[in-house]
Amino acid sequence: MNTPVFALVDCNNFYASCERLFRPDLAGRPIVVLSNNDGCVVARSAEAKSLGIKMGVPYFKIKAAYEQGGGIVFSSNYALYADISSRVMQVLEMLAPRIEVYSIDEAFIDLTGVDKILNLAGFGEEIRQKIFRWIGINVGVGIAPTKTLAKLANYAAKRWPTTGGVVDLTDPVRQRKLLQLVPVEEVWGIGRRLAKQLNQMGIHTAWQLAQANSKVIRRQFSVVVERTVCELNGQSCLALHEQPEPKKQIISSRSFGKRITEFQLLREAVSKYASRAAEKLRQQQQYCRLVQVSVRTSPFAPQEPYYSNAAVVALTLPSADSRELVQAATLGLERIWKPGYHYQKAAVMLADFWPTGTYQPSLFEVQESKPNSERLMGVMDSINRSGKGRIFLAAEGIRQPWQMKRTFLSPAYTTRISDLPRVT
DNA sequence: TCTGGGGTCCTAGGACCC
DNA sequence: TCTGGGGTCCTAGGACCC
């Protein structure tokens, strides 16, 4: 049997690179991309990183100094990133037999058996060159017998430029060398909390974690960390998943551009979120039975009273009808609304999914779905996907003064005809 | 003035059943 | 005096990921 081989391909500074793709004039300039509502820094170009801009820092804290120093800033342009991402993934699908799209900027590739035919590092180099030539995005490639080691190899590919962006970690001697260099918190699956606890146990490097007794680790932590230990030792526990698992919950949540104090406006926002969630639910061809709505004030305003609450509403029958889900969410909101607060964020979560037509109502449940629901929702979705306009429920409000801030938004270069770049 | 959004998995503890 | 054990299901909370 072949030893498994995985590659992890990861786009460098992905959101910042996407923005720069269409702005070659920004070559060499620091770029940051902000989270929704222009809140935090979520991506940085190499230049921004070397200015010391930290991941996740609230933008207002660095804004003055950063902009004065010539830094460039963008609001998140998710339509653009998703489109560039799918182009990158298409190239990978062409080059590799089996791939798992792990996130918007990463994919695992199964290279088991390929090492008999090809030089693995050479294959990694080919991936890098093709994606750069065809899409214009730089990627790093890490290759190893387990996903966790492939992640680590990818980390090395980025951390040390002399690797040329490709690290083949199939050799145990190289594995050991790298593990000894890497701090334990860089290991996939080891976050801040676990790293702190491990440090207290005297485990500071990836190598020390790999050497730990996996049973002891399981007792102290969980099977998850135990698996990580095994994976670091080259024993593959995490398989490649080509097909994404069906979702178990769908969340639509947003902070508001301005604090909300009126029930009417909060209801509009919640209706809009419920309706977005319903749209995603229909995309997955699922029906849901639970709708949870939650609201909160800002946790960062110590002088204001904090309030946060959630309500769950169960539907009698699973539904994917925006009208029913908006109604349920509104009902939940009425239960938890309290006047006098400055609301900063709301969320709608859908759960308890049922695939189309499988739900068995019990003897005493009454079938009372809205007539023509599926056809109506189908028409709504097809209009909204056509790019010609958008129809929505009046409950979502027209002015929507709570909409998120996107001050520095770039054009949707690749997905909206009017935003196509012009060459003059 | 200004602090993201969307997910997953695991565990512990309580309710409940036989 | 003496008060089981095992299983399932559900939920809340905590941890992680990008």
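Residues numbered from 1 in each chain as written. Chains lettered and ligands numbered in written order. Predicted model: local features only at pLDDT ≥ 70, side-chain atom pairs only at ≥ 80, totals over all residues. Heavy atoms only, no water.

Engineer: Explain the nonpolar core residue by residue, including any values.
Structural biologist: Judged by nonpolar contacts, the single largest core of 40 residues is most densely connected at Phe 14, Leu 92, Ile 109, Ile 127, Ile 131 and Ile 137. When contributions to this core are tallied by element, the ones reaching two or more residues are β1 (6-11), α1 (14-21), β2 (31-34), β4 (72-75), α4 (78-95), β6 (106-110), α5 (120-134) and β7 (139-144). With 8 residues, the top contributor of residues to this core is α4. If we skip the residues at most four places from it in the chain, Ile 137 touches Cys 11, Phe 14, Ser 17, Cys 18, Leu 21, Ile 84, Ile 131 and Phe 132. Core analysis: the second largest hydrophobic core is formed by 37 residues, Val 295, Val 313, Leu 325 and Leu 350 among them. (Core = buried A, V, L, I, M, F, W, Y, C linked by side-chain atoms within 4.5 Å. Buried < 20%, exposed > 50% of the residue type's maximum accessible area, 1.4 Å probe, protein only. Helix = DSSP H or I, 4+ residues; strand = E, 2+ residues; numbered from the N terminus. Contact = heavy atoms within 4.5 Å.)

Engineer: Which residues make up the pairing of β4, and what are the values?
Structural biologist: Both faces of β4 are covered, namely the face carrying Ile 72 and Phe 74 and the face carrying Val 73 and Ser 75. Bridge analysis of β2 against β4 gives 4 bridges, and the strand direction is parallel. Paired with Val 33 across the two strands is Phe 74, which belongs to β4. (Pairing = 2+ DSSP bridges.)

Engineer: Quick one: what's the story with the protein's contact with DNA strand B, residue by residue and with numbers?
Structural biologist: Taken together, 25 residues form the shell around DNA strand B, and within it Ser 35, Ile 251, Ser 253, Arg 254 and Ser 255 come nearest. Protein-proximal atoms of DNA strand B, defined as those within 4 Å of the protein, fall in sugar or phosphate at a share of 72%. Side-chain polar atom of Arg 254 to a sugar or linking oxygen of DNA strand B: 3.4 Å apart, as the coordinates give it. Listed by contribution, the elements that provide at least two residues to the surface near DNA strand B are α11 (223-232), β9 (249-260), α12 (263-283) and β12 (343-355). When residues in the surface near DNA strand B are grouped by element, the largest group, 8 residues, is from β9. Its residues placed into classes, the surface near DNA strand B shows 8 nonpolar, 9 polar and 8 charged. (Near = heavy atom within 4 Å. Polar contact = N/O pair within 3.5 Å; in protein donor to acceptor, adjacent residues only side chain to side chain. Nonpolar A, V, L, I, M, F, W, Y, C, P; charged D, E, K, R; others polar.)

Engineer: I'd like a rundown of the layout of surface pockets, residues and numbers included.
Structural biologist: Of the volumes computed, that of the second largest pocket is approximately 520 Å³. Forming the boundary of the second largest pocket are 18 residues, of which Glu 100, Val 101, Tyr 102, Lys 147 and His 241 lie nearest the centre. Those elements that place two or more of their residues in the lining of the second largest pocket are β5 (98-103), α6 (147-159) and α11. In terms of residue class, the lining of the second largest pocket is built from 7 nonpolar, 5 polar and 6 charged. (1 Å grid on protein atoms, 1.4 Å probe; cavity = no way out; pocket = protein on both sides within 12 Å on 5 of 7 lines; lining within 4 Å. Points joined across faces, edges and corners; volume = space filled by probe spheres on them.)

Engineer: Mind laying out the environment of Arg 289, listing which residues take part and the relevant values?
Structural biologist: The residue Arg 289 is located in strand β10 (residues 286-297) in this model. On the accessibility criterion, Arg 289 (22% relative accessible area) is partly exposed. Residues Arg 289 and Phe 353, 64 residues apart in the sequence, show an inter-C-alpha distance of 6.5 Å.

Engineer: Quick rundown of the side chain of Asp 321? Include the residues and the values.
Structural biologist: For Asp 321, the location among the structural elements is in the loop between β11 (308-319) and α13 (322-336). Taking relative accessible area as the criterion, Asp 321 reaches 0% and is therefore assigned buried. When residues no more than four places from it in sequence are discounted, the contact partners of Asp 321 are Arg 282, Lys 370, Ser 373 and Met 377.

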